[in-house]
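Observations on the model geometry
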Amino acid sequence: MGRAASRVTPADVGSRLGPLPFEQKLEAARELAARIDGAFAAPSADALVGALRPATERERRLRSAWAADLPPSAVVRYLQAQFAVDSGELGTAAERWAEFFALAPTRDPFVFLQAARVEARLRRWDAAAAYLRTALQHQPPYSFFARAQKLIEEVAREAGGSVRQLRLAIVGSTTTSLLLPVLRALCFRDGITAECYEGLYGAFRQEILDPASGLAQFRPDVLIIATHWRDLHLPAVVDDEEGTVAGVVREYAHLWQTASERFGCHVIQHGFDLPARDSYGALAGRLRGSRPRVIKLLNLRLEAEAPAHVSVLDTIRVASEVGAHTWAQPAVWHLARQHPSTDALPALAEEQLSHIRAVTGLTRKVVVCDLDNTLWGGVIGEDGLDGIRVGGSGDGEGFLDLQQYLRELKDRGVLLAVCSKNNPEDARLPFEQHQRMALRLDDFVAFVANWEDKATNIRRLSETLRLGLDSFVLLDDNPLERAWIRRELPQVAVVELGNSPSDYVRDLDRGRYFTSLTWSAEDRVRTERYRHGAAIATAQREAGSLDTFLSGLNMRGTCSPVTGGNIDRVVQLVNKANQFNVTTRRYTTPQAEALVATRGSWQGVFSLTDCYGDHGIIGVMFCIAGPEPRSWEIDTWLMSCRVLGRRFEEFMADAMVQAAREHGIVRVYGEYRPTARNSLVSDLYPRLRFTPAGESRYVLDVASVSAPYTRFITSHSRGSLVHA
């Protein structure tokens, strides 16, 4: 039936139903609907809807009766949803769409768009947003963004779900008017409310250097400099290869520095792509000073010279993914001065968004892996250890490639977890005994194998790891499981795996879920530290009392100043911490550096060790000059979720009070800014004996603190923390 259904095309529907009277169309459509349902394809279903469009009220009634009489299936629910929209029965249409998605794990973004339109007309904005965000996870083509732009803008205004506010500017040497709607849509998908600025065409240098420019007045948080190979004005061969490269690097370094000083923003600099064709052909790769060689060397130098507040976007990689013919279309450049082509804009915007997510702390942290037919071929409970496929030959090589890719993700700080419907003993066996496995049990921070539904298990993983669901990525070969998680846990990113294990690495990689612009010592040991956290949680459950548990940890805390060696980790925490974060202010590296340099400011960077090991940098506190003389205002106070429940906040408060006394500060003001994620700290200030000082504001009389807050953490503070 599936093979027959696959042969049903829109043209088949038209030729089969076109010449028939309406009642005969309905009879013939019954058989076509059954065939389409065997391998659902929206274009064929849409052709069926079009062929059955009634011309009279009688035909409308006949169609309604015919549709109601059909046995329930995915294509029937699709048809019924469309017919209900046609009749103005929006409530019924919404119900049928929900039933359709429960039956058909479709990847078609245009289908989700239709359902979103119905929910928006019903003013059910959250439901419309959920459908649109799902559609945008499926790498839609540019035509989708053109059709959905107004709806996305309307839903973004009306619906909730935003977790970041961002002032985003794009300047460059190409027309960007078609790129901006794609960027806005992807920001909406990722929970970012973006206020955008589009620079004047070709005037990116003037926009950055002119203190009175529109860009200067906008003051972006993130600035994209969209350049391309034509901006270099390179001949086929240059005489001075090194001098040419050095000159371009100096120019762009000056632009970056100016942007940092004036706006305090992060800069996403487009690397220079390669011309689609070069007159020197194969010779260009060997010839010193050739245009392709100079461009490649230049990109390497830009990467090497870029300071922390600049990330260089790999346009050559994006161009190779979409294909040279799609990326570079000379006619589009000649007619509209746009590069790359319209069809390549979604891929470019996805790469830009991966940098933006990294800057704003929205990079994903955990890959949750299914096992059977995901990490290996076959079913371990049925095929046994010798029957599963990993490495060797055929699709086994695809599974091994995926494991090796995941192992490399783990080595750079991404957490791996297992969530499998399996007997626990069977699930663990390949990791313990199969010789070709690249992954072993100690590569995973959590291992869940049971027969409960995966949404429940992932919620438990979220609680165990103390990470929000928006930190998780699901890797599962089963389309029904993927659809279930999208429906039950929309915050979780779900990788759309194709039919071949050989493509699994590509499918995971193209989501760009784990883009990071820095790599710190913390990242290298993240899995081990989360394992420590799990061991500590077990010890806490077994302890007779909380005080007994905390006393036995032998905790030692350190408070240090912000330095060049730790600022990457500080900015990472500032942008990622959600649960223990009293103000949830977010800073780019230049903004954090400016705050550190502010006269009279105080910063503490906090680390923790205990009997289980070194947890590294897990807390940050910034104080700035307060509203009155000899006072401080707590601008930022946050802590990693890894150490929640240890009363480490008391140690941080002690360090702040000690510094205040040393520098003549008599009052410290604090503000609690509630979010959907930080209710944990709603009572922080009252617990630490701050008194109310207005709505959501508190003040501490430093002299009133007669004894340390903490009883369980030994202090090892060092370094001067105040800028006089």
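Residues numbered from 1 in each chain as written. Predicted model: local features only at pLDDT ≥ 70, side-chain atom pairs only at ≥ 80, totals over all residues. Heavy atoms only, no water.

Observations concerning the side chain of His339
For His339, the location among the structural elements is in the loop between helix H18 (330-336) and helix H19 (345-360). Side chain to side chain, His339 and Trp327 meet in a polar contact 3.4 Å long. His339 has contacts with Thr174, His228, Trp229, Arg230, Asp273, Trp327, Ala328 and Trp333, leaving out every residue within four places of it along the chain. (Helix = DSSP H or I, 4+ residues; strand = E, 2+ residues; numbered from the N terminus. Polar contact = N/O pair within 3.5 Å; in protein donor to acceptor, adjacent residues only side chain to side chain. Contact = heavy atoms within 4.5 Å.)

Here's the deal with the packing of helix H8 (residues 109-121) against helix H10 (residues 142-158)
Running from amino to carboxyl end, H8 crosses H10 at an angle of 25 degrees, the nearest separation of the two axes being 11 Å. The angle between H8 and H10 falls in the class roughly parallel. The crossing of H8 and H10 is left-handed. Facing H8, whose interface residues are Pro109, Phe110, Leu113, Ala116, Arg117 and Ala120, H10 presents Ser143, Phe144, Arg147, Ala148, Leu151 and Val155. A class-by-class count of the residues in the contact of H8 with H10 yields nine nonpolar, one polar and two charged. (Axes fitted to C-alpha atoms, helices over the stretch in contact; angles between N-to-C directions. Parallel < 35°, antiparallel > 145°, perpendicular 65-115°, else oblique. Left-handed = near helix turned anticlockwise from the far one by under 90°. Nonpolar A, V, L, I, M, F, W, Y, C, P; charged D, E, K, R; others polar.)

Here's the deal with the sheet that holds strand E3 (residues 222-226)
Ordered in space as E2-E1-E3-E4-E5, the five strands form an open sheet in which the pairing is parallel. Strands with a single pairing partner mark the edges of an open sheet, and in this sheet they are strand E2 (192-198) and strand E5 (310-313). With direction set aside, neighbouring strand axes in the sheet form an average angle of 20 degrees. As paired strands, strand E1 (residues 164-172) and E2 are joined by seven bridges and run parallel to one another. Among the inter-strand pairings, Gln165 is bridged to a residue of E2, identified as Thr193. Packing of helix H14 (residues 241-263) onto the sheet brings it into contact with E3, strand E4 (266-270) and E5, and relative to E4 it is tilted by some 155 degrees. (Pairing = 2+ DSSP bridges.)

What to know about the environment of Arg121
Take Arg121: it is sitting in helix H8. Overall, the relative accessible area of 52% leaves Arg121 in the exposed class. Through-space distance from the C-alpha of Arg121 to that of Gly38 is 31 Å; in sequence the pair is 83 residues apart. Not counting residues up to four positions away in its chain, the partners in contact with Arg121 are Val85 and Leu90. (Buried < 20%, exposed > 50% of the residue type's maximum accessible area, 1.4 Å probe, protein only.)

A look at the environment of Leu371
Note on placement: Leu371 falls in the loop between strand E6 (366-369) and helix H20 (380-383). C-alpha separation for the pair Leu371 and Arg510, spaced 139 residues apart in sequence, amounts to 21 Å. Apart from the residues within four sequence positions on either side, Leu371 is in contact with Trp376, Val418, Ser420, Ala427, Phe431 and Phe447.

Things to note about the packing of helix H6 (residues 74-86) against helix H7 (residues 90-103)
Packing of H6 against H7 leaves a shortest axis separation of 8 Å and a crossing angle of 160 degrees. Relative to H7, H6 is oriented roughly antiparallel. Seen from above, H6 lies across H7 with left-handed handedness. Here Ala74, Arg77, Tyr78, Gln80, Ala81, Gln82, Ala84 and Val85 of H6 lie close against H7, whose contacting residues are Thr92, Ala93, Arg96, Trp97, Glu99, Phe100 and Leu103. Residue composition of the contact of H6 with H7, grouped by class: nine nonpolar, three polar and three charged.

So, the nonpolar core
Within the largest apolar cluster, 88 residues are counted, with the highest numbers of intra-cluster contacts made by Leu48, Trp66, Trp97 and Val155. Ignoring any residue separated from it by four or fewer positions in sequence, one finds Trp66 in contact with Leu26, Ala29, Arg30, Leu52, Leu79 and Phe83. Counting 65 residues, the second-largest nonpolar core is a separate cluster that includes Leu461, Val492, Cys559 and Val668. (Core = buried A, V, L, I, M, F, W, Y, C linked by side-chain atoms within 4.5 Å.)

Focus on the pattern of salt bridges
Per the counting criterion, the structure on display carries 49 salt bridges. Asp69 is the salt-bridge partner of Arg30, the closest N and O atoms lying 3.6 Å from each other. One end of the pair, Arg30, is in helix H3 (residues 22-38); the other, Asp69, is in helix H5 (residues 57-69), with 39 residues separating them in the sequence. Residue classification places Arg30 among the partly exposed positions, given a relative accessible area of 29%. Look at Asp69 and you get exposed, because its relative accessible area is 52%. Glu57 serves as the salt-bridge partner of Arg60, at 3.8 Å between the closest nitrogen and oxygen. Here Glu57 and Arg60 lie together in helix H5, a separation of three residues that amounts to about one turn. The partly exposed category is assigned to Arg60, whose relative accessible area is 24%. (Salt bridge = Lys/Arg side-chain N within 4 Å of Asp/Glu carboxyl O.)

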